[in-house]
Amino acid sequence: RYISAPTTSNIFFATDNVWHTPTTRNCLSGITRKTVIECAHKIGLDVIERDITLDEIGMFDSCFLTGTAMGLKNVRIIDSKKILYHLVNDEIYNILKNEYQNLLGKI
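The structure contained in this document is the topic of the report that follows. Only a predicted model underlies this, so the values are computations on that prediction, with no experimental measurement involved. (Residues numbered from 1 in each chain as written. Predicted model: local features only at pLDDT ≥ 70, side-chain atom pairs only at ≥ 80, totals over all residues. Heavy atoms only, no water.)

1. Some remarks on the pattern of salt bridges
Here's step 1: Tallied over the full model, the rule gives 5 salt bridges.
Here's step 2: In this structure, Glu49 and Arg33 form a salt bridge, with 2.7 Å as the shortest nitrogen-oxygen distance. On the criterion of sequence distance, the pair formed by Glu49 in strand S4 (residues 46-49) and Arg33 in helix H1 (residues 31-42) is long-range, its members being 16 residues apart.
Here's step 3: Judged by its relative accessible area of 4%, Arg33 is buried.
Here's step 4: In this structure, Glu99 engages Lys42 in a salt bridge whose closest nitrogen and oxygen atoms are separated by 3.3 Å. (Salt bridge = Lys/Arg side-chain N within 4 Å of Asp/Glu carboxyl O. Helix = DSSP H or I, 4+ residues; strand = E, 2+ residues; numbered from the N terminus. Buried < 20%, exposed > 50% of the residue type's maximum accessible area, 1.4 Å probe, protein only.)

As structure tokens, then:
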């Protein structure tokens, strides 16, 4: 059982300043997703595209969604099998969101 993506967005998880996102094999290869990956690389963050299982959620300390309408949206809690995961490290997310918003301002 792998995580793919919410219906109208893509999902990213982070731990140790490395972002993880599901491959596009089972989800939309969104334009915002691609742009965020480029922004992450620009500011020196690693992004790994791979299969992510539900059991791995507990190892991450940050999560966000990307989508055309929302841009980047921080996720604070994931409820999986009646387990609540609190993902509260906003530091890298905020840096990445600022970079993304700066890029949009230049278009």
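Next, the rest of the story.
2. Structural notes on the nonpolar core
Here's step 1: Among the nonpolar cores identified, the biggest contains 15 residues, and Phe12, Trp19, Val36, Val47, Phe64, Leu72 and Leu96 are the most heavily contacted of them.
Here's step 2: Put simply, the parts of the chain that give this core at least two residues each are strand S2 (10-15), H1 and helix H2 (91-106).
Here's step 3: Residues in contact with Phe12, not counting those within four places in the same chain, are Trp19, His20, Thr21, Arg33, Val36, Ile37, Val47, Ser62, Cys63, Phe64 and Thr66.
Here's step 4: Judged by nonpolar contacts, the second largest core, of 11 residues, contains Ile11, Ile57, Val75 and Leu87. (Core = buried A, V, L, I, M, F, W, Y, C linked by side-chain atoms within 4.5 Å. Contact = heavy atoms within 4.5 Å.)

3. So, the environment of Ser62
Here's step 1: For Ser62, the location among the structural elements is in strand S6 (residues 62-67).
Here's step 2: Among the residues examined, Ser62 registers a relative accessible area of 2% and is labelled buried.
Here's step 3: Note: C-alpha distance between Ser62 and Ile77 (15 residues apart in sequence) is 9.6 Å.

4. Focus on the packing of aromatic side chains
Here's step 1: The tally for this structure, following the rule as stated, stands at 4 aromatic pairs.
Here's step 2: Each ring, one from Phe13 and one from Phe60, has its centre 4.9 Å from the other, and the planes form 20 degrees; the classification is stacked. Of this pair, Phe13 sits in strand S2 while Phe60 sits in the loop between strand S5 (52-53) and S6, and the two are 47 residues apart along the sequence. Both residues of the pair, Phe13 and Phe60, count as buried. (Phe/Tyr/Trp six-rings, centres within 6.5 Å; stacked < 30°, edge-to-face > 60°.)

5. Quick word on H1
Here's step 1: A rise of 1.5 Å per residue sets the reference length of H1, with its 12 residues, at 16 Å; its end C-alpha atoms lie 16 Å apart and thus fit the reference within 8%.
Here's step 2: When H1 is considered as a whole, its buried residues turn out to be Thr32, Arg33, Thr35, Val36, Ile37, Cys39 and Ala40. (Expected span 1.5 Å × (residues − 1).)

6. Some words on the sheet that holds S4
Here's step 1: With respect to topology, 5 strands assemble into an open sheet ordered S4-S3-S2-S6-S7, the strand pairing being mixed. The sheet is open, and its two borders are formed by S4 and strand S7 (71-74), each paired with just one other strand. Averaged over all neighbouring strand pairs, the angle between strand axes comes to 30 degrees, with direction disregarded.
Here's step 2: Inspection of the sheet shows strand S3 (residues 18-21) paired to S4 by 4 bridges, in the parallel sense. Considered in S4, the bridge of Trp19 is made with Val47. (Pairing = 2+ DSSP bridges. Axes fitted to C-alpha atoms, helices over the stretch in contact; angles between N-to-C directions.)

7. Brief notes about the side chain of Thr35
Here's step 1: By secondary structure assignment, the location of Thr35 is in helix H1.
Here's step 2: Under the relative-accessibility criterion, Thr35 is labelled buried at 17%.
Here's step 3: The contacts of Thr35, once residues within four sequence positions are left out, are Tyr100 and Leu103.

None of the figures reported here should be taken as evidence of function without further support.
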